[in-house]
Amino acid sequence: MNRRIYFVLLGVPGAGKGTQAKLLEKRLGLPQVSTGDIFRHNLNSTTASGLLIKSYMDRGELVPDEVTIRMVEDRLRLPDAAGGAILDGFPRNLVQAEALDRMTAPYGGVSLVPLIHLSDEEAMQRITGRRVCRSCGAVYHVEYNPSRIDGVCDVDGGELYQRDDDKPETVRNRLYVYYKQTSQLIGYYYAKGMLVEIDGRQSIEQVQSELIALLAEKEVAV
Ligand code: AP5
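Basis of the calculations
Residues numbered from 1 in each chain as written. Predicted model: local features only at pLDDT ≥ 70, side-chain atom pairs only at ≥ 80, totals over all residues. Heavy atoms only, no water. Helix = DSSP H or I, 4+ residues; strand = E, 2+ residues; numbered from the N terminus. Rg over C-alpha atoms; globule rule 2.2 N^0.38 Å. Buried < 20%, exposed > 50% of the residue type's maximum accessible area, 1.4 Å probe, protein only. Contact = heavy atoms within 4.5 Å. Areas by Shrake-Rupley, 256 points an atom, 1.4 Å probe, with all protein chains shown as cover. Near = heavy atom within 4 Å. Polar contact = N/O pair within 3.5 Å; in protein donor to acceptor, adjacent residues only side chain to side chain. Axes fitted to C-alpha atoms, helices over the stretch in contact; angles between N-to-C directions. Parallel < 35°, antiparallel > 145°, perpendicular 65-115°, else oblique. Left-handed = near helix turned anticlockwise from the far one by under 90°. Nonpolar A, V, L, I, M, F, W, Y, C, P; charged D, E, K, R; others polar. Pairing = 2+ DSSP bridges. Phe/Tyr/Trp six-rings, centres within 6.5 Å; stacked < 30°, edge-to-face > 60°. Lys NZ or Arg CZ within 6 Å of the ring centre and 35° of its normal.

Undergrad: Would you take a moment to explain the overall build of the protein chain for this structure?
TA: Of the regular secondary structure elements, the protein chain holds nine helices and eight strands. Relative to the globule expectation of 17 Å for 222 residues, the C-alpha radius of gyration of the protein chain, 17 Å, shows essentially globular dimensions. Along the longest, intermediate and shortest principal axes, the C-alpha atoms of the protein chain span 45 × 40 × 35 Å. Classification of the 222 residues of the protein chain by burial places 50% in the buried group. In the protein chain, of all internal contacts separated by at least 6 residues, the share reaching a separation of at least 24 is 71%. Approximately 11100 Å² of the protein chain is accessible, and the part contributed by carbon and sulfur atoms is 51%.

Printed below as a string of structure tokens:
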């Protein structure tokens, strides 16, 4: 069997999944596959399907499974995912988790599921202060992880912007959707012996070190 490594990062919106996935990507040489990023980058608001996807995201609702699952299947077939991937924001419900099991079964299945814990209050503070680079997607926080020059990306000088779905009322619905649908995956992966838990209140560097240590301990990568 051609074994591949698939990590699923779980956690409330704002827990730090994207931040950690980008750091792990560099370290492990596996691509970050973020369904949220793929939707945002490929969103064509002039097509009916683009407008439909945007309407779900703007409300903080999940985009329909058939669209999301097909997109991930296509993404995992690309050459840079030949060794596996770091999944960020997928799966988000049991239907998606079962689809991921089917996609990864020929390569040994999902290797590990780190769950990053954070309270709703802290998640809200992190999300409302988040800024993202329009060109390279680097993620900052106005207070916890600011760019050197206000509004300008350190990596490529791109413009930093606030996501449309990072308004407090949309964040509240994203949290509601997380508890109603995505949190079921905690039990799903726990029962499979894949879940490991991390305190997301630590600094970005501390969370990353803990993640690396867990991956090494479980002998999955590193
Ligand atoms: P998505 O883009 O996946 O958003 P999310 O899951 O809500 O997660 P976030 O990106 O908000 O948070 P994060 O955990 O990555 O935190 P980050 O690292 O940025 O999804 C958006 C929408 O797309 C969904 O609502 C849905 O509509 C749709 N969608 C996506 N996937 C889907 C799917 N599978 N099915 C259906 N629909 C889907 O960090 C947050 C902030 O905190 C940043 O400012 C960062 O700098 C800061 N920070 C991070 N870590 C720390 C730390 N340790 N200490 C201090 N600050 C920190």
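We are not done yet, so read on.
Undergrad: Teacher, can you tell me more about the site of the ligand here?
TA: Inspection of the region around the ligand gives 35 residues, with T19, E61, R92, R130 and R174 positioned closest. A distance of 2.9 Å separates an oxygen atom of the ligand from a polar side-chain atom of K17. At 3.3 Å from a nitrogen atom of the ligand is found a main-chain nitrogen or oxygen belonging to I204. Across the complex, the protein chains shield 96% of the 1000 Å² of accessible surface that the ligand would expose by itself. Counting residues per element, the ones that place at least two in the shell around the ligand are helix 1 (17-28), helix 2 (35-42) and strand 6 (139-141). The element best represented in the shell around the ligand is helix 2, accounting for four residues.

Undergrad: Can you help me understand the packing of helix 6 (residues 120-128) against helix 7 (residues 168-182) in this one?
TA: The packing of two helices is summarised by the inter-axis angle and the distance between the axes. Helix 7 packs onto helix 6 with a crossing angle of 135 degrees between their chain directions and a minimal axis gap of 11 Å. In terms of orientation, helix 6 and helix 7 fall into the oblique class. Considering how the two elements wind past one another, helix 6 and helix 7 form a crossing that is right-handed. Where helix 6 abuts helix 7, its residues D120, M124, I127 and T128 lie against P168, V171, R172, R174, L175 and Y179. Of the residues assigned to the contact of helix 6 with helix 7, the class counts are six nonpolar, one polar and three charged.

Undergrad: Teacher, can you tell me more about the sheet that holds strand 1 (residues 5-9) here?
TA: The strands making up a sheet are joined through hydrogen bonds of the backbone, oriented either antiparallel or parallel. Read from one edge of the open sheet, three strands run 1-3-2, paired in parallel fashion. Of all the strands in the sheet, the pair left with one neighbour each is strand 1 and strand 2 (32-34). Pairs of neighbouring strands in the sheet enclose a mean axial angle of 20 degrees, with direction left out of account. Sheet topology note: the strand 1/strand 3 (residues 84-88) ladder contains five bridges and is parallel.

Undergrad: Is there a simple way to think about the side chain of T35 in this case?
TA: Following the sequence through the fold, T35 ends up in helix 2. Within the structure, the side chain of T35 is placed 3.0 Å from the backbone oxygen of G89, a separation counted as a polar contact. Not counting residues within four places of it along the chain, the set of residues in contact with T35 comprises T68, M71, V72, D88, G89, F90 and R92.

Undergrad: How should I be thinking about the packing of aromatic side chains in this particular structure?
TA: Think of a pair of aromatic rings as described by two things: how far the centres are apart, and how the planes are tilted against each other in angle. Within this structure, the stated rule accounts for two aromatic pairs. Pairing Y178 with Y179 gives two aromatic rings, centres 5.2 Å apart and planes at 85 degrees, and the pair type is edge-to-face. For Y178, a relative accessible area of 8% gives the class buried. Y179 gets classed as partly exposed once you look at its relative accessible area, which sits at 40%. Measuring from ring centre to ring centre gives 5.1 Å for Y188 and Y189, while their planes differ by 80 degrees; the resulting arrangement is edge-to-face. With respect to burial, Y188 and Y189 carry one shared label: buried. When the ring centre of Y107 is taken as origin, the NZ or CZ atom of R4, which lies over that ring, is 3.7 Å away. For R134, the ring lying beneath its charged end belongs to Y161, and the centroid distance is 4.4 Å.

Spatial relationships are all this shows, so hold off on functional conclusions.
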